[in-house]
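# Secondary and tertiary structure notes
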Amino acid sequence: MKVIVDQNKCVASGQCVLTAPEVFDQREEDGIVVLLAENPPEGLADDVRQAVALCPAQAIWLEEQETKE
Ligand code: SF4
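Structural notes, computed from the coordinates. (Residues numbered from 1 in each chain as written. Predicted model: local features only at pLDDT ≥ 70, side-chain atom pairs only at ≥ 80, totals over all residues. Heavy atoms only, no water.)

## Re the side chain of Thr19
You can see Thr19 is positioned in helix α1 (residues 15–19). Looking at Thr19, its side chain comes within polar contact range of the main-chain oxygen of Gln15, at 2.7 Å. Leaving out residues up to four positions away in the same chain, Thr19 has contacts with Asp47, Gln50, Ala51 and Leu54. (Helix = DSSP H or I, 4+ residues; strand = E, 2+ residues; numbered from the N terminus. Polar contact = N/O pair within 3.5 Å; in protein donor to acceptor, adjacent residues only side chain to side chain. Contact = heavy atoms within 4.5 Å.)

## Points about empty space enclosed by the protein
Using a probe with the size of a water molecule, rolled over the atoms, empty space left in the structure can be pinpointed. One pass over the full model with this rule turns up one cavity of 30 Å³ or more. Looking at the largest cavity, its volume works out to about 80 Å³. Of the residues contributing to the lining of the largest cavity, the split by class is ten nonpolar, five polar and no charged. (1 Å grid on protein atoms, 1.4 Å probe; cavity = no way out; pocket = protein on both sides within 12 Å on 5 of 7 lines; lining within 4 Å. Points joined across faces, edges and corners; volume = space filled by probe spheres on them. Nonpolar A, V, L, I, M, F, W, Y, C, P; charged D, E, K, R; others polar.)

## Here we look at the pattern of salt bridges
For the coordinates displayed, the defined rule picks out five salt bridges. Linking Glu38 and Lys2 is a salt bridge whose minimum nitrogen-to-oxygen distance equals 3.9 Å. With Glu38 in the loop between β3 (33–35) and α2 (45–54) and Lys2 in strand β1 (residues 2–5), this pair connects stretches of sequence that are 36 residues apart. Accessibility expressed as a relative area gives 25% for Lys2, which makes it partly exposed. Among the salt bridges present, the one from Asp30 reaches Arg27, with a minimum N-O distance of 2.6 Å. By relative accessible area, Asp30 is classed as partly exposed at 36%. What you see here is one network of salt bridges that share partners, running through Arg27, Glu29 and Asp30. (Salt bridge = Lys/Arg side-chain N within 4 Å of Asp/Glu carboxyl O. Buried < 20%, exposed > 50% of the residue type's maximum accessible area, 1.4 Å probe, protein only.)

Below is the structure:
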């Protein structure tokens, strides 16, 4: 799973940080999202999906990656 954020769309609501604090943070000065983990471990996948669903600005999306090796 690869996480992508668009800081230009973010409205600094903080939903993503509340939902997946290991993956998202907010800038001190304006609350805009900061991505902490572009490739979060599988154990956080559900939290990240929830953050995507809760983000009011559709500023987060995912690229699911097949890991077949
Ligand atoms: S939930 Fe969306 S709008 Fe809110 S801080 Fe996170 S990325 Fe920004």
